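Breakdown of the fold
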Amino acid sequence: MLSNLAKSFSRKYCIGASASARQTLAVQQRIQEKKADALQGGGTKRIEAQHKKGKLTARERVHVLCDPNSFIEADMYMEHTCSDFGMEKEKYPGDSVVTGQGYINGRLTYIFSQDFTVFGGSLSSVHAKKVCKIMDQAIMVGAPVIGLNDSGGARIQEGVESLAGYADIFQRNVLASGVVPQISLIMGPCAGGAVYSPALTDFTFMVKNTSYLFITGPEVVKSVTNEEVTQEELGGAKTHTTLSGVAHKAFENDIDALLNVRDFMSFLPSSNRESAPIIESIDPWDRDVPVLDGIVPLESTAAYDMKAVIQGVVDSREFFEIMPTYAKNIVIGFARLKGQTVGIVGNQPKVAAGCLDINASVKGARFVRFCDAFNIPLVTFVDVPGFLPGTAQEYGGIIRHGAKLLYAFAEATVPKLTVITRKAYGGAYDVMSSKHLRGDVNYAWPTAEVAVMGAKGAVSILYRGSKEVERHEQEYIDKFGNPFPAAIRGFIDDISQLEISEECHVSF
């Protein structure tokens, strides 16, 4: 009797175990199939179409951006939930975005990459949930977020759910602001409400000829204003890096853009709780820089290139300039001194004599505030004759916008080193990280001039109607056309020789 019961139990157990094993194998097979489907995105034809445009696919971009074999994808199996307009018949694992975490130069980074081969990269509620999830994780652990944008916009079939998804992402952009670095790389179309996520991030980069940013496309513009304009003219890389200032830099193609972003990330900290990585420099801190000896012309109205000064001072002449083709009368970017990341701000005498205007003030202010938020010291090179005069500037609000740069420098609590290379006139002297705005170390070159205004303007007011203009101008230059009046009052810590590189390195 017991023997029969044992045999019966054994048969049932074997049958159950066999069924369980078959189920496990079936699930494993399904997992592999789903993974294969996800990796194919929208299918071979759409991938080929993407390549024909000179663009990489979403996953190819991620693999170029990240260190080899470091990317771990999240939510690969998520699918959209829309059942209107026949959408239930067309589903792709992972939907229209690839999300996850990887390492860039050995440091953790969270990434989302929109997949144009799946519904044109359009944003669904599931797409938004995937993006929000990795942004929440990035804020929690303190790691940067990089978004690779290539999307046709909101998914019309989902209606208000898609719009809600955008708002959820915008909210994360705001919560992450000043907490972790946020980088947007526009690698295809980005239109309508979608443009506001990149606008809320810290830096926006574009790819020439294949990326577009605009609120409304050319067709809508024509129907409303009767203006005929191409996509490139309306929202291409050249437009946004030279005219609007929406984008910070443009690159030749996808690979060029992704490799440059890898380099760029090496200057940034992972969060506001950490310091930027220190990279050992092979450039001696006490090296001579003879090129600086004659870089400032003897004639005070002659131009010179402030970038040459910057490159002469920083480690290995390496300077990652931000917004190089917009508001060129001010130069901003990242460099290193003794291996430590610093933010560089400098007036550019080659453009508008280095005057501050609306665009330059906004450009500089936003950069200074980023550096302050992420504990990046500031080095400011000053050669500024004042704020740009004219009705266009006054009507455009130069007072309001100029105050932004003043506020940014005054608010900043990071170490601030200032070097006056030549002119420091009027209110612009105060604005450019002067000692009065809590500048920590303020140097002047022997060529520096700290005054209310230039000699000609001052003499025309002080000696109106005088026939001895040249004599009065020379007297004014002798009195104010040098750094001593400021140094005597303690507004300048030292009048250095032109080997300023050594002093800058010592200060850090």
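Located above this text is the structure these notes cover.
Residues numbered from 1 in each chain as written. Predicted model: local features only at pLDDT ≥ 70, side-chain atom pairs only at ≥ 80, totals over all residues. Heavy atoms only, no water.

Here the focus is the overall build of the protein chain. Secondary structure summary: the protein chain contains 19 helices and 17 strands in total. If you line up the protein chain on its principal axes, its C-alpha atoms span 130 × 60 × 35 Å. Taking the contacts inside the protein chain whose residues are at least 6 apart along the sequence as the reference set, 72% of them involve residues at least 24 apart. Split by element, the accessible area of the protein chain, about 23,800 Å² in all, is 57% carbon and sulfur. Once the 51 positive and 57 negative side-chain charges of the protein chain are each reduced to a mean point, those two points are 8 Å apart. (Helix = DSSP H or I, 4+ residues; strand = E, 2+ residues; numbered from the N terminus. Contact = heavy atoms within 4.5 Å. Areas by Shrake-Rupley, 256 points an atom, 1.4 Å probe, with all protein chains shown as cover. Lys, Arg positive; Asp, Glu negative; His and termini not counted. Charge placed at Lys NZ, Arg CZ, Asp CG, Glu CD.)

Tracing the backbone through its elements, the reader meets D254 in helix α10 (residues 254-265). A polar atom in the side chain of D254 sits 3.0 Å from the side chain of R61. Apart from the residues within four sequence positions on either side, D254 is in contact with G54, K55, L56, R61, M187 and V207. (Polar contact = N/O pair within 3.5 Å; in protein donor to acceptor, adjacent residues only side chain to side chain.)

As a further point, take the nonpolar core. Judged by nonpolar contacts, the single largest core of 63 residues is most densely connected at I146, F264, I322, F334, L356 and I420. The leading source of residues in this core is helix α12 (residues 358-373), at six residues. Counting 24 residues, the second-largest nonpolar core is a separate cluster that includes F112, L213, A237 and A247. (Core = buried A, V, L, I, M, F, W, Y, C linked by side-chain atoms within 4.5 Å. Buried < 20%, exposed > 50% of the residue type's maximum accessible area, 1.4 Å probe, protein only.)

When helix α3 (residues 58-65) is considered as a whole, its buried residues turn out to be A58, R59, R61, V62 and L65. All buried residues of α3 fall inside an arc of 155° around its axis, so they share one side. (Arc of directions from axis to C-beta.)

Another point: a nonpolar patch on the surface. Side chains of V27, I31 and Y77 sit close together on the surface and give an oily, nonpolar patch of about 240 Å² of accessible area. Summarising the element assignment, Y77 is placed in the loop between β1 (72-74) and β2 (97-104). Residue Y77 is classed as partly exposed on the basis of its relative accessible area, which comes to 42%. (Patch = residues over 30% accessible without salt bridge, like charges linked within 9 Å, V, L, I, M, F, W, Y side chains within 5 Å. Salt bridge = Lys/Arg side-chain N within 4 Å of Asp/Glu carboxyl O.)

As a further point, take the packing of helix α4 (residues 125-141) against helix α5 (residues 160-176). Between α4 and α5, the least distance of the axes is 9 Å, while the angle of their chain directions is 10°. When the axis of α4 is compared with that of α5, the two are roughly parallel. Taking contact as the criterion, the partners of S125, A128, V131, C132, M135, D136 and I139 in α4 are, on α5, E161, G165, D168, I169, R172, N173, L175 and A176. Here the contact of α4 with α5 is composed, by residue class, of eight nonpolar, three polar and four charged. (Axes fitted to C-alpha atoms, helices over the stretch in contact; angles between N-to-C directions. Parallel < 35°, antiparallel > 145°, perpendicular 65-115°, else oblique. Nonpolar A, V, L, I, M, F, W, Y, C, P; charged D, E, K, R; others polar.)

Among the eight residues of strand β3 (residues 107-114), seven are classified as buried, and the element is accordingly described as predominantly covered. Inspection of the sheet shows β2 paired to β3 by eight bridges, in the antiparallel sense. What sits directly across from I104, in β3, is R107. Remark: two residues form the turn of the hairpin made by β2 and β3, two consecutive strands paired antiparallel; N105 in that turn has positive phi of roughly 55°. By the bridge criterion, four bridges tie β3 to strand β4 (residues 145-149) in an arrangement that is parallel. Its bridge partner being in β4, I111 is matched across the sheet by I146. For the crossover that starts at β3, traverses α4 and ends in the parallel β4, the hand is right-handed. (Pairing = 2+ DSSP bridges. Right-handed = clockwise from strand over helix to strand, strands pointing away.)

Further remarks concern the state of the cysteines. Under the defined criterion, the tally for this structure stands at zero disulfides. Just so you know, C132 is unpaired, no disulfide at all, and the nearest cysteine sulfur is the one on C190, 15 Å from it. Look at C132 and you get buried, because its relative accessible area is 5%. (Disulfide = S-S within 2.5 Å.)

Looking now at the sheet that holds β1. Taken in spatial order, the seven strands line up as β1-β2-β3-β4-β5-β7-β9 in an open sheet, and their pairing is mixed. Whereas interior strands pair on both sides, the edge strands pair on one side only; in this sheet they are β1 and β9 (249-251). Across the sheet, the axes of successive neighbouring strands diverge by a mean angle of 25°, strand direction being ignored. The pairing of strand β5 (residues 182-186) with strand β7 (residues 203-207) spans four bridges and is classified as parallel. When the sheet's bridge partners are listed, I186 is paired in β7 with M206. Across the sheet, α4 touches β1, β2, β3, β4 and β5, and the angle it forms with β3 is around 165°.

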